[in-house]
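Chain by chain, the residues run as shown.
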Amino acid sequence: MHHQPRRAAANLAEVVDHLGATGKTGIIGGTEIRVRRPAVGRKNRDYFISGKNKQNAVKVMVFTDGDGWLLFCSPTMPGRCADITHARELGLVRLLTDGPAVEILADARYQGFGV
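These notes cover the structure that comes with them. Please read all numbers here as calculations on a predicted model, not as lab measurements.

Position of Cys 81 relative to the elements: it lies in the loop between β4 (77–78) and α2 (83–89). Owing to a relative accessible area of 10%, Cys 81 belongs among the buried residues under this scheme. Residues Cys 81 and Val 60 lie 21 residues apart in sequence; the distance between their C-alpha atoms is 9.9 Å.

Attention now moves to the pattern of salt bridges. Note that side chains of opposite charge can pair when their charged atoms are close. Under the counting rule described, the total for this entry stands at 4 salt bridges. With a shortest N-O distance of 3.8 Å, Lys 24 and Asp 65 are connected by a salt bridge. A residue pair is termed long-range when its members are at least 10 positions apart, and Lys 24 in the loop between α1 (12–22) and β1 (25–34) and Asp 65 in strand β2 (residues 57–65) qualify at 41 residues. Across the pair Lys 59 and Glu 32 runs a salt bridge whose closest N-O atoms are separated by 3.7 Å. A residue pair is termed long-range when its members are at least 10 positions apart, and Lys 59 in strand β2 and Glu 32 in strand β1 qualify at 27 residues. On the accessibility criterion, Lys 59 (10% relative accessible area) is buried.

With that settled, the discussion passes to the environment of Ala 108. Along the polypeptide, Ala 108 turns up in the segment after β5 (103–105). Accessibility expressed as a relative area gives 63% for Ala 108, which makes it exposed. A sequence separation of 24 residues divides Ala 108 from Ile 84, and the C-alpha atoms of the two residues are 9.6 Å apart.

With that out of the way, let us pick up α1. Inspection of α1 places Leu 12, Val 15, Val 16, His 18 and Leu 19 among the buried residues, and these make up the whole buried set. On an axial view of α1, the arc spanned by its buried residues comes to 160°, and they lie on one face. In this structure, the buried residues of α1 make contact with β1, β2, β3 (70–73) and α3 (92–98). Two or three places before Ala 13, at the start of α1, stands the capping residue Asn 11, its side-chain oxygen 3.1 Å from that residue's backbone nitrogen. Positive backbone phi, at 75°, marks Gly 23, one or two positions downstream of α1.

About the criteria used
- Residues numbered from 1 in each chain as written.
- Predicted model: local features only at pLDDT ≥ 70, side-chain atom pairs only at ≥ 80, totals over all residues.
- Heavy atoms only, no water.
- Helix = DSSP H or I, 4+ residues; strand = E, 2+ residues; numbered from the N terminus.
- Buried < 20%, exposed > 50% of the residue type's maximum accessible area, 1.4 Å probe, protein only.
- Salt bridge = Lys/Arg side-chain N within 4 Å of Asp/Glu carboxyl O.
- Arc of directions from axis to C-beta.
- Contact = heavy atoms within 4.5 Å.
- Polar contact = N/O pair within 3.5 Å; in protein donor to acceptor, adjacent residues only side chain to side chain.

Okay, structure coming up:
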């Protein structure tokens, strides 16, 4: 039976459960969205400067299945947050350790993430 999700998952636990139930491979990636520089005097103003592009940005983590269906898009994090840190803070390591066996493809920015 071919199962497609009806909507993007509300959280990563739903994504891991979906991948485990369907046997599909997940693909994870982080992307930056340029934003205006936060106002002078704003707390943690420099957190929005991306280490990769040296621009003001926020980051999101996107999770798809191997067919390209969007499964999850995370809340934004400041641009200086590393992709692997973002995934850890969202609890992905715990979910992969305690959840069903799933295969996830990721780029080198997630190196060291292995469970």
